[in-house]
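In case you want the letters, here they are:
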Amino acid sequence: MTGFPACPTFPSTRMRRNRSADWLRRMVQENRLTTDDLIWPIFVVEGLGKREAVSSMPGVERLSVDLLAEEVGKAQELGIPAVAVFPYTPEGLKTPDGSEALNPDNLVCRGVREIKKHVSNMGVLCDVALDPYNSDGHDGLVKDGEILNDETVDILCQQSVVQADAGCDVIAPSDMMDGRIGSIRKVLDDAGHQNVTIMAYAAKYASAFYGPFRDAVGSGGVLMGDKKTYQMDPGNGDEAIREVALDIAEGADMVMVKPGLPYMDIIHRVKNEFGVPTFAYNVSGEYAMLRAAAQNGWLDYPAAMMEMLTGFKRAGADGILTYAARDAAKILKSG
Ligand code: PBG
């Protein structure tokens, strides 16, 4: 035989017994993805009746505002509880101070109002950061090459109120400036938006996986890695715990880890340590990888995608922002 000592529990213990039939596998399954776990990010573009394919994200389109109600309505019929709205801001509206972020009639605000007007019981989440509006492509104000913290926070507070006024339910600061959650909470409360929820992009890493997103929102000017003075170093884990602790102390209702796949350990630690609603952002590059491999015939997209999303649940995520939300919801619906 092998020369190894006999397994003391074998043959009485056979792990394969619980895997032997479909009904049994279903019965002992520990973690299960449901449609309630999905948040669908949408890109909005100027125009009428416009659908623009995002070339680096097969299956993802930018939609004009007039198409939002129908598409979001369909997502709601699939059971998706919330969407996240991102703008493709026309170049002419981008300025060094990102002032379009504060325009109550900017793309995001019009998109939010349109969704709220036509689709009931659908959560709407908005990013708070300057990158879609800033001609530098950075999440904050830039002065002499430095990303200013406190001056940026002041603008983000105003941006939050503008978006909440438009009807946004969940304010999601994605900028990684220090102290912004506490300031935004206070300003929202003072403006009468006590019930607007804050989902903090609490542990957001300076990642190469955002590439296709910057293409989708047209903020491609900033090179990968340029955001290292505010987004986190991929090598750090304890620092993520400190970031999350601060955001919770400042008033975050929910926290997010971003990206998702390379940071499963962080999702797990955050959920274990704090027990607060914890979300994973399955970012553009993670989606693009699967789609690209599938287009080459190297991966089975539906199977790999469902496995990936289940992995987030197993890691401890309560929900997932994913471009695959509708694909997953359709699969879940059809059983
Ligand atoms: C901007 C923002 C980014 C994403 C969400 N909000 C990009 C960045 O920080 O450069 C990325 C999402 C994705 O890649 O899917 N604050």
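Overview of the structure. Worth saying up front: this structure is predicted, and the values here are computed from it rather than measured.

**Some words on the overall build of the protein**
Part 1: A tally of regular secondary structure across the protein gives eleven helices and twelve strands.
Part 2: Relative to its length of 335 residues, the protein is compact, with a C-alpha radius of gyration of 21 Å against a globular reference of 20 Å.
Part 3: Among the 335 residues that make up the protein, the fraction classed as buried is 52%.
Part 4: By sequence separation, contacts in the protein at least 24 residues apart represent 74% of the contacts at least 6 residues apart.
Part 5: Within the protein, the 47 negative side-chain charges are centred at a point lying 10 Å from the centre of the 34 positive side-chain charges.

**Focus: helix α4 (residues 150-166)**
Part 1: In a regular helix each residue adds 1.5 Å, so 17 residues correspond to 24 Å; α4 covers 25 Å between its end C-alpha atoms and thus fits that length.
Part 2: Of all 17 residues in α4, twelve are buried; the element is thus mostly enclosed.
Part 3: Buried within α4 we find Thr152, Val153, Ile155, Leu156, Cys157, Gln159, Ser160, Val161, Val162, Gln163, Ala164 and Ala166.
Part 4: Downstream of α4 by one or two residues, Gly167 has phi in the positive range, about 115°.

**What to know about the site of the ligand**
Part 1: Around the ligand lies a shell of 17 residues, among which Ser174, Arg214, Lys258, Ser284 and Tyr323 are the nearest.
Part 2: Arg214 places a polar side-chain atom, nitrogen or oxygen, 2.6 Å from an oxygen atom of the ligand.
Part 3: Between a nitrogen atom of the ligand and a side-chain N or O atom of Lys258, the distance comes to 3.3 Å.
Part 4: A total of 400 Å² of accessible area belongs to the ligand in isolation, and the protein chains cover 100% of it.
Part 5: Here the residues of the shell around the ligand are counted per class, giving seven nonpolar, three polar and seven charged.

Criteria and thresholds
Residues numbered from 1 in each chain as written. Predicted model: local features only at pLDDT ≥ 70, side-chain atom pairs only at ≥ 80, totals over all residues. Heavy atoms only, no water. Helix = DSSP H or I, 4+ residues; strand = E, 2+ residues; numbered from the N terminus. Rg over C-alpha atoms; globule rule 2.2 N^0.38 Å. Buried < 20%, exposed > 50% of the residue type's maximum accessible area, 1.4 Å probe, protein only. Contact = heavy atoms within 4.5 Å. Lys, Arg positive; Asp, Glu negative; His and termini not counted. Charge placed at Lys NZ, Arg CZ, Asp CG, Glu CD. Expected span 1.5 Å × (residues − 1). Near = heavy atom within 4 Å. Polar contact = N/O pair within 3.5 Å; in protein donor to acceptor, adjacent residues only side chain to side chain. Areas by Shrake-Rupley, 256 points an atom, 1.4 Å probe, with all protein chains shown as cover. Nonpolar A, V, L, I, M, F, W, Y, C, P; charged D, E, K, R; others polar.

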